[in-house]
Amino acid sequence: MGTGSNAPRGNISPGIGIYKSTDAGKTWDHIGLTEAGQIGRIRIHPTNPDIAYAAALGHIFGPNEERGVFRTLDGGTSWEKVLFVSDKTGAVDLTIDGSNPRILYAGMWTVERKPWTLTSGSEEGGIYKTADGGDTWEKLEEGLPEGEVGKIGVTVSPVNPDRVWALIEAEKGGVFHSDDAGKSWTLVSKDRKLRQRAWYYTRIYADPIDENTVYALNTAFYKSIDGGKTFTPIRVLHGDCHDLWVNPQNPEILLQTNDGGAHVSLNGGKSWSTLNNQPTSEIYRLAVDNQFPYRIYGSQQDNSTISVFS
């Protein structure tokens, strides 16, 4: 589990590294990368759980060296930095080719939060690929945006590993796909609804059954069944969508997370489990009144105000 918020809006939860559980989540141990700032993604080797990769975005308020892509070969006992662009550019997304786990794609992002603004994007940003398990990396460029590139989401199709998808923040950004494992790319959608507030969203996911089906997350949850040309919304119980899991054997089973928590659909998004069964509130402010016993009030992110007795 990686800590820290990789969606750096005005309020930030700084990361303190990575935790690991070997008892199905009952207990957790801190296993390093304390100064990696915001952890954007963790990918685990499909057949060797001791091999894992972490996308470290770095400190959000200034430069630092502990950012980029890190690799462990011993279950997190030690970490090696295998992709480093600069002390201002970190990794925000990472995807692994299930048919050949030595192939990975990383989205690199230059971002800094200041008290009055957010700086997103630089010429250092882009998609990087390794074909040797992280020993060496190349920056992919043919068909991708030039100049300043911001936040990137990237995913590889489990059906056809030559099909790679990317959602890119850039002046000429949008949804791109590659049909030759990243050698060249084609812009398939410039739809603005997929790119608004890019620093807060910009996630894309390949369908496990159909190579022409892809999902994108933004203020809403979107799905395309025509190779990314058009995206239609899937109704969810709460806006601001941030992560998604699609059952690899049955894509009708979805687990989607948003600013309200997490919910599950068993019918492709036609209906969802409740959000009101989990303590996932983000509390912005606390206040107390003068009653006896007094009450404590907390304002929740996007979810009204709650009150409890002391």
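Small disclaimer: the values here were computed from a predicted structure and weren't measured.

**Examining the overall build of the protein**
At step 1: Tallying secondary structure elements over the protein gives zero helices and 25 strands in all.
At step 2: Taken over C-alpha atoms, the radius of gyration comes to 20 Å for the protein, in line with the 19 Å a tight globule of 310 residues would show.
At step 3: Looking at the 310 residues of the protein, the share that counts as buried comes to 49%.
At step 4: Nonlocal contacts in the protein, meaning residues at least 24 apart in sequence, comprise 42% of its contacts between residues at least 6 apart.
At step 5: Working note: accessible area of the protein is about 14800 Å², and carbon and sulfur atoms make up 51% of it.
At step 6: If you average the places of the 30 positive and of the 38 negative side-chain charges in the protein, the two averages end up 5 Å apart.

**Digging into the sheet that holds strand β12 (residues 149-156)**
At step 1: Pairing in this open sheet of four strands is antiparallel, and the strands run β12-β13-β14-β15 from one edge to the other. In this open sheet, the two strands that pair with only one neighbour each are β12 and β15 (186-189). Across the sheet, the mean angle separating the axes of adjacent strands is 30 degrees when strand polarity is ignored.
At step 2: Bridge analysis of strand β13 (residues 164-170) against strand β14 (residues 174-178) gives five bridges, and the strand direction is antiparallel. When the bridges of β14 are listed, V164 appears paired with S178.

**Thoughts on a nonpolar patch on the surface**
At step 1: Together, W245, L255, V264 and L266 make up an exposed nonpolar region whose accessible area comes to about 370 Å².
At step 2: Along the chain, W245 turns up in strand β20 (residues 241-246).
At step 3: On the basis of relative accessibility, which here comes to 42%, the residue W245 falls in the partly exposed class.

**Observations concerning the sheet that holds strand β18 (residues 221-224)**
At step 1: The four strands are arranged β16-β17-β18-β19 in an open sheet whose pairing can be described as antiparallel. Edge positions in the sheet fall to β16 (203-206) and β19 (232-234), since each has one partner strand and no second. Averaged over neighbouring strand pairs, the angle between their axes works out to 30 degrees when direction is ignored.
At step 2: As judged from the four bridges shared by strand β17 (residues 214-217) and β18, these two strands associate in the antiparallel manner. Of the residues in β18, the one forming a bridge with L217 is F221.

**Overview of the packing of aromatic side chains**
At step 1: In total, this model carries four aromatic pairs according to the counting rule given.
At step 2: Seen from their ring centres, Y200 and Y201 are 4.9 Å apart, and the 65 degrees between their planes marks the pair as edge-to-face. One exposure class covers both Y200 and Y201, and it is buried.
At step 3: Measuring from ring centre to ring centre gives 6.3 Å for F221 and W272, while their planes differ by 65 degrees; the resulting arrangement is edge-to-face. Highlighted residues: F221 in strand β18 and W272 in the loop between β22 (261-265) and β23 (283-288), separated in sequence by 51 residues.
At step 4: Relative accessible area serves as the criterion here: at 0%, F221 is assigned to the buried category.
At step 5: Classification of W272 by relative accessible area gives buried; the value is 13%.
At step 6: Among the aromatic residues, those joined into a ring-pair cluster are W199, Y200 and Y201.
At step 7: Of note, K81 hangs over the ring of F84, and the distance from its end group to the ring centre comes to 4.1 Å.
At step 8: R295 extends its terminal NZ or CZ atom over the ring of F309, reaching a point 4.1 Å from the ring centre.

How each quantity is defined
Residues numbered from 1 in each chain as written. Predicted model: local features only at pLDDT ≥ 70, side-chain atom pairs only at ≥ 80, totals over all residues. Heavy atoms only, no water. Helix = DSSP H or I, 4+ residues; strand = E, 2+ residues; numbered from the N terminus. Rg over C-alpha atoms; globule rule 2.2 N^0.38 Å. Buried < 20%, exposed > 50% of the residue type's maximum accessible area, 1.4 Å probe, protein only. Contact = heavy atoms within 4.5 Å. Areas by Shrake-Rupley, 256 points an atom, 1.4 Å probe, with all protein chains shown as cover. Lys, Arg positive; Asp, Glu negative; His and termini not counted. Charge placed at Lys NZ, Arg CZ, Asp CG, Glu CD. Pairing = 2+ DSSP bridges. Axes fitted to C-alpha atoms, helices over the stretch in contact; angles between N-to-C directions. Patch = residues over 30% accessible without salt bridge, like charges linked within 9 Å, V, L, I, M, F, W, Y side chains within 5 Å. Salt bridge = Lys/Arg side-chain N within 4 Å of Asp/Glu carboxyl O. Phe/Tyr/Trp six-rings, centres within 6.5 Å; stacked < 30°, edge-to-face > 60°. Lys NZ or Arg CZ within 6 Å of the ring centre and 35° of its normal.

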